[in-house]
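# Structural characterization, general
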Amino acid sequence: MIIKKIFYLIIFLVVTFFNSFTQSTESLGLENQLITSMKIGYGTIAVGTNGNGIYWQNLYSLPDSGWENIELNNVNVRSVYPHKSGPLGWAIGIGAAPSETDSEYVYCSYLGGSQN
């Protein structure tokens, strides 16, 4: 019984050790941003921040400099939702926390054409 437990422990440690070398993180270009939400939909990745607007880019081309900004500055974004808008277009729905200076809590930004 003890040999079986030691065997499983060794297997676990070996798999964990090798797995730590195979996985790496990659920056997508939003350093120094407090990211509060992220959602992928309709070929678009949308990222909400706390006070710096919403960033988006085409999912199929993720260079570090490719982020577009929807300027909702000083808005505490809680959720983003890229969705279909019309027969060919898409938009990003934005949920925000109301504040003393801005009582709006739902925004929708139309961004345009299809993402194929």
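Please refer to the structure placed before this passage.
Described in the following lines is the structure provided in the data block. What you are looking at is a predicted structure, and each value in this text was computed from that prediction instead of being measured.

Bringing the nonpolar core into the picture now. In terms of nonpolar packing, the biggest core is built from 13 residues, with I54, I92 and I94 touching the most fellow members. Broken down by secondary-structure element, the contributors of at least two residues to this core are strand 2 (44-58), strand 3 (68-85) and strand 4 (89-97). Of all the elements, strand 3 adds the most residues to this core, at 5 residues. In contact with I54, not counting residues within four places along its chain, are V47, G48, E68, N69, I70, L72, V77, V80 and I94. Formed by 5 residues, the second largest nonpolar core is a distinct cluster that contains L30, V47, Y55 and W67.

Tracing the chain through its elements places I45 in strand 2. Overall, I45 belongs to the buried group, its relative accessible area being 5%. As for I45 and W67, which are separated by 22 residues in sequence, their C-alpha atoms are 9.6 Å apart.

On to unusual backbone geometry, then. Its identity as a non-glycine residue notwithstanding, N32 has a phi of 65 degrees, on the positive side. Within the fold, N32 resides in the loop between helix 1 (2-22) and strand 1 (35-41). Looking at N32, the relative accessible area reads 79%, which means it is exposed. At N74, a residue that is not glycine, the phi angle is positive and equals roughly 65 degrees. One can find N74 in strand 3.

For the structure shown, the criterion picks out 1 cavity of 30 Å³ or more. In this structure, the largest cavity occupies an estimated 40 Å³ of space. As for the largest cavity, its lining consists of N74, V75, N76, A96, A97, P98, S99, D102, E104 and Y107. For the lining of the largest cavity, the elements supplying multiple residues, two or more each, are strand 3 and strand 4. Among the residues making up the lining of the largest cavity, the classes are represented as 5 nonpolar, 3 polar and 2 charged.

Moving on: the packing of aromatic side chains. Considering all chains together, one arrives at 1 aromatic pair under this definition. A ring pair is formed by W56 and W90, whose centres lie 5.0 Å apart and whose planes are at 75 degrees; its orientation type is edge-to-face. In this pair, W56 sits in strand 2 while W90 sits in strand 4, placing the two residues 34 residues apart along the sequence. Side by side, W56 and W90 carry an identical accessibility label, which is buried.

Rules behind the numbers
Residues numbered from 1 in each chain as written. Predicted model: local features only at pLDDT ≥ 70, side-chain atom pairs only at ≥ 80, totals over all residues. Heavy atoms only, no water. Core = buried A, V, L, I, M, F, W, Y, C linked by side-chain atoms within 4.5 Å. Buried < 20%, exposed > 50% of the residue type's maximum accessible area, 1.4 Å probe, protein only. Helix = DSSP H or I, 4+ residues; strand = E, 2+ residues; numbered from the N terminus. Contact = heavy atoms within 4.5 Å. 1 Å grid on protein atoms, 1.4 Å probe; cavity = no way out; pocket = protein on both sides within 12 Å on 5 of 7 lines; lining within 4 Å. Points joined across faces, edges and corners; volume = space filled by probe spheres on them. Nonpolar A, V, L, I, M, F, W, Y, C, P; charged D, E, K, R; others polar. Phe/Tyr/Trp six-rings, centres within 6.5 Å; stacked < 30°, edge-to-face > 60°.

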